Amino acid sequence: MYKQSNRPSKCYNPYSFVPLSEHVFNYTKDEKAQFLYANDIPFEDGLSGKITVEFEAKSPFCVKSQDKENCNINRKFFVPSTSIKGMIRSVYEIITLSNIRNQSENSRFSMRDLTSKDYELKSDKPKGGFLFLLNGNYYIIPGDHWQMTYKEIEDEEGVNVKYGKSAEAKYRLLKNGYIFPTEDDRIHYWVFSGFMNNKKHEYDFALPLSINPENLVPIKEKELKDFLFIHEQENKNETWAFWKKEMRNFNSIEDLKKAKYKGLAPCFYRIKEENGHICVKDLGFTNLYRMPYQNKVHDCLPIQHKEENFDMAQALFGYTQTDRKDKSEKSLRGRIRFSNAFIENAEIEGEHTFILGSPKPTFYPFYLKQERGRKITFAAQKPIISGWKRYLLHKEAQEGNGQKKDCESSFVALKAGATFKTDIYIHNLHPYEVGALLAALTFCNHNECYHSLGYAKPFGYGKMKLTNIQFNLVQNKEKSHDLKQETLINEFKKKVVENTRISVDSYNRYISTLIRIASGNYPIHNIGYPELKDFKEIKTGRTNIPILD
């Protein structure tokens, strides 16, 4: 059964958060050393073998391949092992009190909010210059720039570029390209950006008459990483995509002259002083570009989650890390493997179209804990993230009714009622680790809970019910260890209590939010992501897009 996805005036955000625990599971150094060799040296109490689990789809679902349909081999549909692993691991990390620092990228998000006092570009006007790639390193060549009206550009070029949808579209209208000389003997670039209503001008950027190596402003690795994340991942910036294709890696300034000064990217930038030297603080492609927030994601973690540790999720699933000091890569192979799961009684349910944009952590009213009377952003003093994000499990799925525009995605769902089995192969696990895995599968024996899998989870798709578990485990030593599900889960809880010094009651209260979100007992509500026009209302507290908790 479906409910329509037309977004009414009253609707609810499709995700909520499990607040972070004040306690984090952390193995000792001696325990960690044992896990580093656990693939080769058996634990005395180790268990190996296979756990077979069966799921039933309680709503339509789709785990897409490259096309619109569920992954299949000659129309025999299956769920990839990686999708099942991700589904289970997301629960495992929460219930084992894992460190969210180990599971999250330490990204620096950005803002462009002219109403906020934190947006420094309103008062600290950026300079104009040219992004220059020299021997693999990025620099800024300081330059000059002037605003040019569309009428002035048309007088110079004979074309009206105002209504081009993107910078690239505007440049294609120019007969002689974006580089031009003038009577001042300097090389000039036309600097355009995408279409905006009421926009009245673009820019003319000019290189200096002579370019000297000592005048170049370097971009340090940290600022370059933030710039690339903001323009390539957080917001795919079309202007940067255009200039990135145009840029060249020069071996010298003489090579730039031979290229007739083509291969640079005009930009706006700010500078700062670091260790007595001037370097780039941030940069962008309009004079009001997206400014990096002062705090990165890991700056917004509670103190217990800021410390480096080795938790239960890393020990079981493995990890790959890059050492921040020597840039070397460290890794640990996991001791768990999931099989692909072929779907029984699969029936095509139909095609659906939705706007499926990824939620933006920059939407701080939801992603950061708010305080009454104080707006907490990524620029605030000691912000704290809201916790582990989980999609709500609703009673019904929405019916897709999009118009198949560029911003929408389509998929072909399989009907509810389909089932699939996956074999989980484990190698040399402590009994409490097996208990943790069983706890993740069963939500600590809460039969009312569901897992989420595949496409369009925010709109009610992919609601999966665990229906059966079978063990085939072998003990490393011949002894009668109790392998009942309840016993193993209790051993896991005992390990968590001993390690974190959290009480059983406190632990049960901690996972109660996860259980509530996964229970699928939410009343029938319309689902909708916050829209751009909602942002101001939510920031000021006048919202009709609440988080269900």
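Above this note sits the structure.
A short note on the nonpolar core
(1) Moving on: I51, L131 and Y507 are the most contacted members of the largest nonpolar core, which has 140 residues in total.
(2) Moving on: When residues of this core are assigned to their parent elements, the largest contribution, eight residues, is made by helix α11 (residues 431-442).
(3) Moving on: The contacts of Y507, once residues within four sequence positions are left out, are I95, L97, C444, F492, K493, V496 and I502.
(4) Moving on: Membership of the second largest hydrophobic core comes to eight residues, among which are F354, F411, A413 and F459.

Section: the packing of α11 against helix α12 (residues 485-500)
For any two helices packed against each other, one specifies the inter-axial angle together with the distance between the axes.
(1) Moving on: Two elements in contact, α11 and α12, have axes separated by 7 Å at closest approach and are oriented at 105°. When the axis of α11 is compared with that of α12, the two are roughly perpendicular. On α12, the residues that touch P431, Y432, V434, G435, A436, L438, A439 and T442 of α11 are Q485, L488, I489, E491, F492 and K495.
(2) Moving on: For the contact of α11 with α12, the residue count by class is nine nonpolar, three polar and two charged.

With respect to the pairing of strand β25 (residues 409-414)
(1) Moving on: Counting buried residues along β25, five of its six residues qualify, which places the element largely inside the surrounding structure.
(2) Moving on: Pairing between strand β22 (residues 348-354) and β25: six bridges, direction antiparallel. Within β25, the position partnered with T353 by the bridge is S410.

Here we look at the state of the cysteines
(1) Moving on: Scanning the model with the defined rule gives zero disulfides in all.
(2) Moving on: This cysteine, C71, is not joined by any disulfide, and C62 carries the nearest cysteine sulfur, 7.7 Å off.

Some thoughts on the pairing of strand β7 (residues 127-134)
(1) Moving on: With respect to burial, β7 is a largely interior element, seven of its eight residues being buried.
(2) Moving on: Sheet topology note: the β7/strand β15 (residues 265-274) ladder contains five bridges and is antiparallel. Across the sheet, residue G129 finds its bridge partner in β15, namely C267.
(3) Moving on: One ladder, built from six bridges, connects β7 with strand β8 (residues 137-142); its direction is antiparallel. Of the residues in β8, the one forming a bridge with G129 is P142.

Some remarks on unusual backbone geometry
(1) Moving on: Even without being glycine, L97 reaches a positive phi, approximately 55°.
(2) Moving on: Along the polypeptide, L97 turns up in the loop between α2 (81-95) and β6 (110-111).
(3) Moving on: Non-glycine residue A456 carries a positive phi angle of around 60°.

What about the side chain of S193?
(1) Moving on: Relative to the helices and strands, S193 resides in the loop between β11 (187-191) and β12 (201-206).
(2) Moving on: By relative accessible area, S193 is classed as buried at 11%.
(3) Moving on: Among the polar contacts listed, one links the side chain of S193 to the side chain of K199, at a separation of 2.4 Å.
(4) Moving on: Excluding its chain neighbours within four sequence positions, the residues that come into contact with S193 are A167, K170, K199, E202, T239 and T286.

Quick notes on a nonpolar patch on the surface
(1) Moving on: The grouping of L36, Y37 and I41 at the surface amounts to a nonpolar patch, some 320 Å² of accessible area in total.
(2) Moving on: Along the polypeptide, Y37 turns up in the loop between α1 (29-36) and β3 (47-57).
(3) Moving on: For Y37, a relative accessible area of 51% translates into the label exposed.

Quick look at the sheet that holds β11
(1) Moving on: What the four strands build is an open sheet, ordered β9-β12-β11-β10; its pairing is antiparallel. If you trace the sheet from one side to the other, it starts and ends with β9 (144-149) and β10 (179-181), each paired once. The mean inter-strand angle of the sheet, taken between neighbouring strand axes irrespective of direction, is 30°.
(2) Moving on: Judged from the four bridges that link them, β11 and β12 form a sheet pairing that is antiparallel. Looking across to β12, one finds that H188 is bridged to A206.
(3) Moving on: Seen against the sheet, helix α3 (residues 150-157) touches β9, β11 and β12 and runs at an angle of roughly 95° to β9.

Focus on the packing of aromatic side chains
We describe a pair of aromatic rings using the distance from one ring centre to the other and the angle between the two ring planes.
(1) Moving on: This model, assessed by the stated rule, comprises 41 aromatic pairs.
(2) Moving on: Considering the side-chain rings of F78 and F342, the 5.6 Å spacing of their centres and the 50° angle between planes classify their relative orientation as tilted. One end of the pair, F78, is in strand β5 (residues 76-79); the other, F342, is in strand β21 (residues 341-344), with 264 residues separating them in the sequence.
(3) Moving on: By relative accessible area, F342 is classed as partly exposed at 35%.
(4) Moving on: Site record: aromatic cluster; members linked through ring pairs are F130, Y171, Y178, F180, Y189, W190, F192, Y203, F205, F242, W243 and F268.
(5) Moving on: The side chain of K389 reaches across the aromatic face of Y15, ending 5.4 Å from its centre.
(6) Moving on: One residue, K463, lies across the ring of Y450, its end atom 4.5 Å from the ring centre.

What about the packing of α2 against helix α13 (residues 504-518)?
(1) Moving on: One way to put it is that α2 packs onto α13 with a least axis distance of 10 Å and a crossing angle of 150°. By the angle class used here, α2 and α13 are roughly antiparallel. Handedness of the α2/α13 crossing: right-handed. Together, V91, I94 and I95 of α2 and Y507, Y510 and L514 of α13 make up the contact between the two elements.
(2) Moving on: Looking at the contact of α2 with α13, its residues break down into six nonpolar, no polar and no charged.

Rules behind the numbers
Residues numbered from 1 in each chain as written. Predicted model: local features only at pLDDT ≥ 70, side-chain atom pairs only at ≥ 80, totals over all residues. Heavy atoms only, no water. Core = buried A, V, L, I, M, F, W, Y, C linked by side-chain atoms within 4.5 Å. Buried < 20%, exposed > 50% of the residue type's maximum accessible area, 1.4 Å probe, protein only. Helix = DSSP H or I, 4+ residues; strand = E, 2+ residues; numbered from the N terminus. Contact = heavy atoms within 4.5 Å. Axes fitted to C-alpha atoms, helices over the stretch in contact; angles between N-to-C directions. Parallel < 35°, antiparallel > 145°, perpendicular 65-115°, else oblique. Nonpolar A, V, L, I, M, F, W, Y, C, P; charged D, E, K, R; others polar. Pairing = 2+ DSSP bridges. Disulfide = S-S within 2.5 Å. Polar contact = N/O pair within 3.5 Å; in protein donor to acceptor, adjacent residues only side chain to side chain. Patch = residues over 30% accessible without salt bridge, like charges linked within 9 Å, V, L, I, M, F, W, Y side chains within 5 Å. Areas by Shrake-Rupley, 256 points an atom, 1.4 Å probe, with all protein chains shown as cover. Salt bridge = Lys/Arg side-chain N within 4 Å of Asp/Glu carboxyl O. Phe/Tyr/Trp six-rings, centres within 6.5 Å; stacked < 30°, edge-to-face > 60°. Lys NZ or Arg CZ within 6 Å of the ring centre and 35° of its normal. Left-handed = near helix turned anticlockwise from the far one by under 90°.

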